[in-house]
Amino acid sequence: MDSPSQNTSLQRLQNVEKRIVRVLELAGGVMEELANPSGPRKELVNNQCGEFMQLIKDIQVTLREEIKSACEYRPFEKCDYIPRISNEICCKKLNYVIAQLDTMQQVVDSCHGTA
């Protein structure tokens, strides 16, 4: 099951998606108005541009909040996998070093035995 915060976050992102669609509609409307052979209606263009800019600001704010929230979310914070694997690797390295030291000790012992 999704937690309420995840569901709320998903809803906010869906609202952003709807706002983006509206922004594109507004941009298309302004372009149509600017292409109007009789000339653009200034009040309509101003209203649509104002709404466009407000929606862009709202989208930015919401996305910033969602990104910040996502960065704070750490589902694996209490996971011990990385330290456990690191310890296993260190143990393998130590075993290798011990084996090498044992080999060196045998070489030294054999040299002292023949001398």
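If you check an unreviewed UniProt entry, the protein appears there as Mediator of RNA polymerase II transcription subunit 11 from Escallonia herrerae. We quote the UniProt Sequence similarities (unreviewed entry) comment for the protein here in full: "Belongs to the Mediator complex subunit 11 family." Under the heading Subcellular location (unreviewed entry), UniProt records this for the protein: "Nucleus".

A.B. asks: Looking at this structure, I do not really get the overall build of the protein. What am I missing?
C.D. replies: Helix and strand counts for the protein stand at three helices and zero strands. Each helix and strand of the protein, ordered N terminal to C terminal, gives the series α-α-α. Expressed as a percentage of the 115 residues in the protein, the buried residues total 11%. The contacts in the protein between residues at least 6 apart in sequence include a share of 69% that link residues at least 24 apart.

A.B. asks: How should I be thinking about helix α2 (residues 42–72) in this particular structure?
C.D. replies: The end-to-end C-alpha distance of α2, which contains 31 residues, comes to 45 Å, matching closely the 45 Å that a straight helix rising 1.5 Å per residue would cover. For α2, the full list of buried residues reads V45, Q48, L55, I59, T62 and E66.

A.B. asks: What is the right way to look at the environment of I59 in this model?
C.D. replies: Turning to its location among the elements, I59 is positioned in helix α2. For the pair I59 and V16, spaced 43 residues apart in sequence, the C-alpha to C-alpha distance is 5.8 Å.

A.B. asks: How do you make sense of the side chain of Q48 when you look at a structure like this?
C.D. replies: Within the secondary structure, Q48 sits in helix α2. Given the relative accessible area of 17%, Q48 is considered buried. When sequence neighbours within four positions are dropped, the list of residues in contact with Q48 reads L26, G29 and V30.

A.B. asks: Please clarify how the nonpolar core should be interpreted in this entry.
C.D. replies: Side chains that are nonpolar tend, in soluble globular proteins, to be buried together. One finds V16, V23, L26, L55 and I59 forming the largest nonpolar core, which totals five residues. Elements supplying a minimum of two residues to this core: α1 (4–34) and α2. Top element by residues in this core is α1. It accounts for three residues. Non-local contacts of L55, meaning those with residues more than four positions away in its chain, are made with R19, R22, V23 and L26.

A.B. asks: Can you help me understand the pattern of salt bridges in this one?
C.D. replies: Pairing is possible between side chains that carry opposite charge, provided their charged atoms lie close to one another. In the structure shown here, the tally under the stated rule is four salt bridges. Residue E66 pairs with R12 through a salt bridge whose shortest N-O separation is 2.4 Å. Highlighted residues: E66 in helix α2 and R12 in helix α1, separated in sequence by 54 residues. Overall, the relative accessible area of 8% leaves E66 in the buried class. By relative accessible area, R12 is classed as partly exposed at 32%.

Reading the values: rules and limits
- Residue positions within a chain follow its written sequence, with the count starting from 1.
- The predicted nature of this model means local features are confined to residues of pLDDT at least 70 and side-chain atom pairs, given and counted, to a pLDDT of 80 or more, with totals for whole chains, interfaces and linings taken over all residues.
- By convention in this description, side-chain values take in all heavy atoms of the structure and omit both hydrogens and water.
- UniProt positions are given in the numbering used here, feature names are shortened, and annotations may be inferred rather than shown by experiment.
- The helix and strand labels rest on DSSP assignments: H or I over at least four residues marks a helix, E over at least two residues marks a strand, and numbering proceeds from the N terminus.
- Each residue is assigned to one of three classes by its accessible area relative to the maximum for its type, calculated with a 1.4 Å probe on protein chains only: buried under 20%, partly exposed between the two thresholds, exposed over 50%.
- Residues are treated as being in contact if the distance between any of their heavy atoms lies within 4.5 Å.
- Given the number of residues in a helix, its expected span is that number minus one, multiplied by 1.5 Å.
- Put simply, buried Ala, Val, Leu, Ile, Met, Phe, Trp, Tyr and Cys residues joined by side-chain atoms within 4.5 Å make one nonpolar core.
- Any carboxyl oxygen of Asp or Glu within 4 Å of a side-chain nitrogen of Lys or Arg constitutes a salt bridge here.

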